[in-house]
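Tertiary structure, described
As a plain string of letters, each chain reads:
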Amino acid sequence: MASEKPIVVVTCTAPVNIAVVKYWGKRDEELILPINSSLSVTLHQDQLKTTTTAAISRDFTEDRIWLNGREEDVGQPRLQACLREIRRLARKRRSGSHEDPLPLSLSYKVHVASENNFPTAAGLASSAAGYACLAYALARVYGVDSDLSEVARRGSGSACRSLYGGFVEWQMGERPDGKDSIACQVAPESHWPELRVLILVVSAERKPMGSTAGMQTSVETSALLKFRAEALVPVRMAEMTRCIRERDFQAFGQLTMKDSNQFHATCLDTFPPISYLSDTSRHIIQLVHRFNAHHGQTKVAYTFDAGPNAVVFTLDDTVAEFVAAVRHSFPPESNGDKFLKGLPVEPVLLSDELKAALGMDPVPGSIRYIIATQVGPGPQVLDDPGAHLLGPDGLPKPAA
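Right, let's walk through the structure included here. (Residues numbered from 1 in each chain as written. Predicted model: local features only at pLDDT ≥ 70, side-chain atom pairs only at ≥ 80, totals over all residues. Heavy atoms only, no water.)

**Observations concerning the environment of Ala 387**
For clarity, the threshold we go by: Only DSSP runs of H or I covering at least 4 residues are called helices, and only runs of E covering at least 2 are called strands; the numbering of each starts at the N terminus. By the convention used here, residues are in contact when the closest approach between their heavy atoms is within 4.5 Å.
For Ala 387, the position within the fold is in the segment after strand S17 (380–381). If we skip the residues at most four places from it in the chain, Ala 387 touches Thr 11, Thr 53 and Leu 382.

**Thoughts on the sheet that holds strand S2 (residues 17–21)**
Applicable threshold: Strand pairing is assigned whenever DSSP identifies at least 2 bridges connecting the two strands. Interaxial angles span 0 to 180 degrees and are taken between N-to-C directions of axes, which are lines fitted to C-alpha atoms, for helices over the stretch in contact.
Read from one edge to the other, the open sheet built from four strands follows the order S2-S5-S10-S11, with strand pairing classed as antiparallel. Both edges of this open sheet fall to S2 and strand S11 (183–187), since each of them pairs with a single strand only. The sheet shows a mean angle of 35 degrees between the axes of neighbouring strands, taken without regard to direction. Bridge count for S2 against strand S5 (residues 38–42) is four bridges, and the pairing is antiparallel. Across the sheet, Val 21 pairs through a bridge with Leu 39, a residue of S5. Where helix H5 (residues 223–245) meets the sheet, its contacts fall on S2, S5, strand S10 (167–170) and S11, and the angle it forms with S2 comes to roughly 110 degrees.

**Some words on the packing of helix H7 (residues 279–295) against helix H8 (residues 319–329)**
Put simply, the rule reads: Here roughly perpendicular refers to angles of 65 to 115 degrees, roughly parallel to angles under 35, roughly antiparallel to angles over 145, and oblique to all remaining angles. For any helix crossing, the convention is left-handed if the near helix is rotated counterclockwise from the far helix by under a right angle, and right-handed if that rotation is clockwise. Under the convention adopted here, Pro, Cys and the residues Ala, Val, Leu, Ile, Met, Phe, Trp and Tyr are nonpolar, Asp, Glu, Lys and Arg are charged, and Gly plus all remaining residues are polar.
At a minimum axis distance of 11 Å, the contact between H7 and H8 shows a crossing angle of 130 degrees. Comparing their axes, H8 and H7 come out oblique. Our pair here, H7 against H8, has a crossing hand that is right-handed. Where H7 abuts H8, its residues Leu 287, Val 288, Phe 291 and His 295 lie against Glu 321, Phe 322, Ala 325, Val 326 and Ser 329. Partitioning the contact of H7 with H8 into residue classes produces six nonpolar, two polar and one charged.

**Looking at the pattern of salt bridges**
Which entries qualify depends on this criterion: Salt bridge, as used here, is a side-chain nitrogen of Lys or Arg placed within 4 Å of a carboxyl oxygen of Asp or Glu. The rule is simple: take the accessible area with a 1.4 Å probe, protein chains only, and divide by the maximum for that residue type; under 20% is buried, over 50% is exposed, in between is partly exposed.
Evaluated as defined, the whole model comprises 18 salt bridges. Note that Glu 71 is salt-bridged to Arg 64, the shortest N-O span being 2.8 Å. For Arg 64, a relative accessible area of 23% puts it in the partly exposed group. The partner of Lys 226 in a salt bridge is Glu 230, with the nearest N and O atoms 2.8 Å apart. Here Lys 226 and its partner Glu 230 are both found in helix H5, four residues apart, which amounts to about one turn of the helix.

**Comments concerning helix H4 (residues 211–221)**
Here is the rule we go by: As used here, the arc belongs to the directions running from the helix axis to the C-beta atoms.
For H4, the set of buried residues is Gly 214, Met 215, Thr 217 and Ser 218. Taken end-on, H4 shows its buried residues confined to a sector of 160 degrees, consistent with a single buried face.

**A closer look at the pairing of strand S14 (residues 310–315)**
In terms of residue burial, S14 counts as a mostly covered element, since five of its six residues are buried. Bridge count for strand S12 (residues 195–202) against S14 is six bridges, and the pairing is antiparallel. Within S14, the residue paired with Leu 198 across the bridge is Val 312. In this structure, strand S13 (residues 300–304) lies alongside S14, joined through five bridges in antiparallel fashion. Its bridge partner lying in S14, Ala 301 is registered against Phe 313.

**Description of H7**
Threshold: For a helix, the expected span equals 1.5 Å multiplied by the residue count minus one.
The first and last C-alpha atoms of H7 sit 25 Å apart over 17 residues, in line with the 24 Å expected at 1.5 Å per residue. Regarding H7, the residues found buried are Thr 280, Ser 281, Ile 284, Ile 285, Leu 287, Val 288, Phe 291 and Asn 292. Viewed along the axis of H7, the buried residues span an arc of 160 degrees, placing them on a single side of the element. Opposite the buried face of H7, by more than 90 degrees, sit the exposed residues Asp 279 and Ala 293. Gly 296 lies just past H7 and shows a positive phi near 70 degrees.

**A closer look at the packing of H5 against helix H6 (residues 249–269)**
The N-to-C vectors of H5 and H6 enclose an angle of 165 degrees; their axes lie 11 Å apart at closest approach. For the element pair H5 / H6, the angle class is roughly antiparallel. With respect to the hand of their crossing, H5 and H6 are arranged in left-handed fashion. On H6, the residues that touch Ala 223, Leu 224, Leu 225, Arg 228, Leu 232, Arg 236, Glu 239, Met 240, Arg 242, Cys 243 and Ile 244 of H5 are Ala 251, Phe 252, Leu 255, Thr 256, Lys 258, Asp 259, Gln 262, Ala 265, Thr 266 and Asp 269. For the contact of H5 with H6, a count of residues per class yields 11 nonpolar, three polar and seven charged.

Remember, this is a structural readout, not a statement about activity or role.
Here is the structure:
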């Protein structure tokens, strides 16, 4: 067929998301179906994003993938599940129309290159952005326009939430085949323009246990987790949705902190117990509560995923003062100028009252840096051919 190009190349970007009602525990390991619904905030891609190029060509002899410049094993089960799923959707779409017989491109092998604009090792939910980006890029090269929740979810559960911007709900669903376990947007990124997000990257400490193994052990051993999923999360989902719709920061912040604490409590209730928080994480928790107590209201809120880094939500009018409080309590060791990345923050002086209220001995160097960001949009297609990570031969472009 003359109309089929020798190589089809698409490049997309996708965001990181941070859950404020946590996903922890699967009811189906194979299909990646959760034991409870979850709700997240999509972060802006100017600060954190994955970029993925997917290419198909009749000249490719096998599927191949490169992550951050290194070729990886394309046989990983979750990667294979994504590829199978997208090809199934592509076949289904073509067979449902009365056009030509199935295009040859469905049998073409795919080359994928992906990179993050943030250190993968920093524990910043790279798998969610990565698999959302993969699903989005594969959908574009294979001409799939249906809901991609299932494709992304098969790679990493939380990845389905990175398919949308703003505030996103992953509905757990009820069907055993998972067809109703999908992500949908609760509110767009423009809904709450004053909301800001600060990521406090704690000095690298290896995770005690990856999320996949951790949540499996929790499901098997934690009675508290079962109670959380069945009795508490449904109420919290409704309340969190209300807080977001009404832009009620105090209630949003309190529920976000409580849900994070409860998630970590279920980790401690797991047997043997899992502890993802470090001493620095606990110092940050203390700092937030003392900061709020000083102001007599919830002005900042923390949440922690399966690792020691804190994600702090606040409104734009509080960012500068809270960053100054972090600098005071966790003085940067050497990189004073590189301590704050992302959105610019005006330096301010802390009042003596607030310093006294924080009442902590400074712990130098225990926070490596802060990324200041905000709520952002979902995946994007990059039209500029210069953005492609793969060259016309389908291999990674040499680093500039």
